[in-house]
Amino acid sequence: MTVLHPTSPAEVQEAVRAHRRVLARGGGSKPALSTPAEGQTVLEMKGLSGVVEYDPGEYVLVAKAGTPLAQVEELLAQHGQYLPFDPPLAEQGATLGGTVAAGLSGPMRQRYGGVRDFILGVQFVDGEGQLVRAGGKVVKNAAGFDLPKLMVGSLGRLGLLTELAFKVFPYPKATATLQVAFPRLEEALEALYRLAGSPIELYALDLVPPATLTLRLGGLPEALPARLERLRAFVGRAGDLLEGEAEAQYWRNLKRLELGEGHLVKVALTPRQIPALEQALGSAPRRYMSAGHLLYLAWNHEPARLDALLRLQNLSGLVLKGPTHQARIGIDLEHTFGRRVAAALDPQGRFSPTPP
Amino acid sequence: MTLLEELGRFFPPGRLLHKPGELVPYESDALTAFRARPLAVVLPESHEEVVQAVRWCARHRIPYVARGSGTSLSGGSLPIDGGLLIGLNRMNKLLRLDPQERIAVVEPGFINLQVSNAAAPYGLYYAPDPSSQPVSTIGGNLAFNSGGAHCLKYGMTSNHVLGAKVVLPDGETVVLGSESLENTGPDWLGLFVGSEGLLGIATEITLRLLPKPETYHTVLAAYDALEKAGEAVAAVVASGLLPGAMEIMDSLAIEAAEAAVRAGYPREARALLIVELEGEAPQVEAEARYLDEVIRRSGAYEVRVAQSAEERLKIWKGRKAAFSAVGRLSPDYIVQDGVVPRSRLGQALSEIERLSARYGLRVANVFHAGDGNLHPLILYNGRVPGELERAEELAGEILRLCVALGGSITGEHGVGMEKKAYMPEMFSEADLEAMRRIRRALDPFELSNRGKMFPGGEAPALHQAGPHPLERAGIISRE
């Protein structure tokens, strides 16, 4: 297996032109996506690292794609800011590029949106070795095709990311978390729907099976006690309160996504699909985030079984960790539009895991 | 059988227009400086009819433009000489409203503001609010990734579209996106939204609805200098607050707004700043104390806080009317929507002032200060020979300035016909070539909205303009 260590976009271009099939790898925190198939040359992207531009007053951060999330988050925190899509796996070494290519957001995406909502600009090397830039580095921009969004979840099949620009926001000055257990799933879901449709602004709205809602509030410290009381009244239960360092630690731990043994899988869904899925998933450790739109689960059986299960539920999933020959599982999302765009950006199939 | 007879098999006479008199209303959009006459206009009423129209175009290699209410300020829905215009206003149904899942499924001709109206009984609304929202359609908003006054906090149209059923330029239908906010593959829908009609026509659009904020705190501050208003915005941002909207108007814009709607603005102000907080009541109350302190220290000579929903609407009424109101100050005007990094706002404005003096043309400024989205309104008189050309030249200089300061040539109006010549200022040949390759992969003959977004190609001649008829009537406004 050939492994290359480019340190500049030009070296990435060179590598793409010189090799038949290539796979980019950042921090390796999602091995199911970054383990090469036979004949794939690996491009270790950590040599393209560092923040290129950051002016806290602009709410914009530009960094090379191989920059570790941890480094970005530390810099942002020094100025009271954060990546509002709340990417997971920072402690395991995930990079910005890997996060975008895998399309991963975390629990706090509930408040302002996911990675697709915060990516502003992208620079990438296409399948012909051309260096392409799209989007920009201002928070509002409508010029040209939105290739930055296209790259979210593209798994390295459309281009190798070299530089990324994001919108960032001020981090809430205080946070508090309420864990509310319900007797049954139906009651938890009913509360989830009511909360999601209410003006109560939650940073996280997670459903922890069998029937607990974990709710995170954020904002000015002086307003938090009153808001907590209103929240409790709204859900009609006192719940267990987490505050201070224990609360921060709780969410830090969660973002490691160490849910249990086996494959780590992301599933995109809507809350309507949860009851049937809960019946089907059995004992697999799991957590629904962002009001039931995002599921992370640990699957300790054959991935093929989960693939079949998701198909039955009309859902699609992405294996992040654990041995698999197929990272994308569940229903087939292929269509003409996607095939033609992929062929336009990578006509020779250099980013395809299988020989064309 | 002639081409039109063939088209007539799919469209009855009332929905297939081809007589010169019938075509005139479709000859231009809100960028009235351009005009072109299509071969015919069809008015489909279903997805299948859009497919038939697109297939007819594909068969005969006839270029086409899809259009909603025609409020594009970039000439995005300008027809093509001898091409087909597909008017989507009759596909204006709300197909499904699901308050529990917080989604609305609409046809492309559904009006932006009607989405929020339909969702209001459930305490929900549709966030993107371009000033054209009383008339502009969701299909057009999607194609041009429309913005509005709340983009810093809530994003643009693309952040609120979950899915779309799309007719590709060869007539095939695909469904992009889903009802989930998440996804497990490339964001094809993300590419489609904002592609200015070049990649296909959306016939069914799934929108995401948000809960209406519980309360608002709207502040109007008057300054004796534009720079002070700009500095106040920087101070608000530095305080860690994230207002829903921050808007600035200069003296010329204030004068126009007052003349038009009598919003009660301090007329002698050199600049007005509107800042609006929104959210849960206890949070907004606490934030308001910080905001009021920041504004007090910013050197505002007069500060008003809306005490009621009516007062809030009055403050916004002047702002939303400012553009069409400028029509009262000048027979014609051009509006640009370039973006600069927020910290460069002051520099951009003084440069625009300098350019205005050099070109001898007045420029009014109304802008989304929170996201650095300028809206210089260049006033000219089309009857004075050479003034339109001078105004166009000045507009071009402002776009170049935005790019030079690290910004964009368009924040929300799109490239369309108007700004395509400036795309190379912002993107390299390799960047544009990658975009062109994507376009040709889906539309090898470049039929769909041919002549827009990409530089080159023949442009229809500029002519003496004047405001859009709807704008003259005060029904729509530009932003």
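The name given to chain B in an unreviewed UniProt entry is Putative FAD-linked oxidoreductase, with Meiothermus taiwanensis as the source organism. One UniProt comment on chain B, placed under Cofactor (unreviewed entry), says "FAD".

Per an unreviewed UniProt entry, chain A carries the name Putative FAD-linked oxidoreductase and comes from Meiothermus taiwanensis.

(A) Representation of the interface of chain B and chain A in the model. With 93 residues of chain B in contact, the opposing surface of chain A contributes 75 residues. For the pair chain B and chain A, the two sides together bury roughly 7000 Å², of which 56% comes from carbon and sulfur. If you look at where chain B meets chain A, you find 14 salt bridges. Between Glu214 of chain B and Arg230 of chain A there is a salt bridge, with its nearest N and O atoms 2.6 Å apart. If you list the elements that add at least two residues to the side of chain B that touches chain A, you get β5 (94-98), α6 (151-154), β9 (173-177), α7 (188-192), β14 (271-279), α10 (281-297), α14 (423-426) and α15 (429-442) of chain B. With nine residues, α15 of chain B is the largest single contributor of residues to the side of chain B that touches chain A.

(B) Spotlight on the packing of helix α9 (residues 224-235) of chain A against α10 of chain B. Here α9 of chain A crosses α10 of chain B at 170°, and the two axes come no closer than 8 Å. With respect to α10 of chain B, the element α9 of chain A is oriented roughly antiparallel. Here the hand of the crossing between α9 of chain A and α10 of chain B comes out left-handed. Residues Ala226, Arg227 and Arg230 of chain A of α9 of chain A form the contact with α10 of chain B, whose participating residues are Ala281, Pro282 and Gln283 of chain B. Residues belonging to the contact of α9 of chain A with α10 of chain B are distributed by class as follows: three nonpolar, one polar and two charged.

(C) Spatial organisation of the domain arrangement of chain A. Residue and element names in this part refer to chain A. By the assigned domains, chain A splits into domain 1 (3-170), domain 2 (174-254) and domain 3 (263-325). Contacts between the two partners involve 17 residues from domain 1, matched on the other side by twelve residues from domain 3. Interface area, domain 1 with domain 3, both sides summed: about 1000 Å², of which 63% is carbon and sulfur. Of all residues in domain 1, Ala32, Leu104 and Gln110 bury the most surface against domain 3, accounting for 35% of the area lost on that side. Taken together, the connections running from domain 1 to domain 3 amount to zero salt bridges. The interface formed by domain 1 and domain 3 contains five residue pairs in polar contact (both at pLDDT 80 or more). For the side of domain 1 that touches domain 3, the secondary-structure elements that each account for two or more residues are α2 (31-34) and α5 (109-112). Sort the elements by how many residues they give to the side of domain 1 that touches domain 3 and α2 lands first, with three residues. Residues belonging to the side of domain 1 that touches domain 3 are distributed by class as follows: nine nonpolar, six polar and two charged.

(D) Structural context of the domain arrangement of chain B. All names here are of chain B. Examined at the domain level, chain B breaks down into domain 1 (3-89) and domain 2 (94-211). The straight-line distance from the C-alpha centre of domain 1 to that of domain 2 is 22 Å. Opposite the 16 residues of domain 1 that make contact, domain 2 presents 18 residues. Around 1300 Å² of area is buried between domain 1 and domain 2 when both sides are counted, 66% of it from carbon and sulfur atoms. Viewed at the interface, domain 2 and domain 1 are joined by zero salt bridges.

(E) Looking closely at the UniProt feature "domain: FAD-binding PCMH-type" (unreviewed entry) in chain A. Per the UniProt record, "domain: FAD-binding PCMH-type" (unreviewed entry) is found at residues 1-171 of chain A. With 26% helix and 26% strand, residues 1-171 of chain A has its two end C-alpha atoms placed 43 Å apart.

(F) Quick peek at the packing of aromatic side chains. Enumeration over the complete set of coordinates arrives at eleven aromatic pairs over all chains. An angle of 75° between the planes, with centres 6.1 Å apart, marks the rings of Tyr59 of chain A and Phe169 of chain A as edge-to-face. Of the two residues, Tyr59 of chain A is situated in the loop between β4 (51-55) and β5 (60-64) and Phe169 of chain A in strand β10 (residues 169-170); the sequence distance between them amounts to 110 residues. When the centroid spacing of 6.4 Å and the interplanar angle of 80° are considered together, the rings of Phe337 of chain A and Phe192 of chain B count as edge-to-face. With Phe337 of chain A in helix α13 (residues 336-345) and Phe192 of chain B in helix α7, the pair connects residues from two separate chains. According to the relative accessible area criterion, Phe192 of chain B is buried, its value standing at 2%. Grouping aromatic residues by their ring pairs yields a cluster made of Tyr59, Phe85, Tyr112, Phe118, Phe166, Phe169 and Tyr203 of chain A.

Thresholds, definitions, all that
Residues numbered from 1 in each chain as written. Chains lettered and ligands numbered in written order. Predicted model: local features only at pLDDT ≥ 70, side-chain atom pairs only at ≥ 80, totals over all residues. Heavy atoms only, no water. UniProt positions renumbered as here; feature names shortened; annotations may be inferred. Contact = heavy atoms within 4.5 Å. Buried area = accessible area lost by both parts, 1.4 Å probe. Salt bridge = Lys/Arg side-chain N within 4 Å of Asp/Glu carboxyl O. Helix = DSSP H or I, 4+ residues; strand = E, 2+ residues; numbered from the N terminus. Axes fitted to C-alpha atoms, helices over the stretch in contact; angles between N-to-C directions. Parallel < 35°, antiparallel > 145°, perpendicular 65-115°, else oblique. Left-handed = near helix turned anticlockwise from the far one by under 90°. Nonpolar A, V, L, I, M, F, W, Y, C, P; charged D, E, K, R; others polar. Domains from an automatic or database assignment. Polar contact = N/O pair within 3.5 Å; in protein donor to acceptor, adjacent residues only side chain to side chain. Phe/Tyr/Trp six-rings, centres within 6.5 Å; stacked < 30°, edge-to-face > 60°. Buried < 20%, exposed > 50% of the residue type's maximum accessible area, 1.4 Å probe, protein only.

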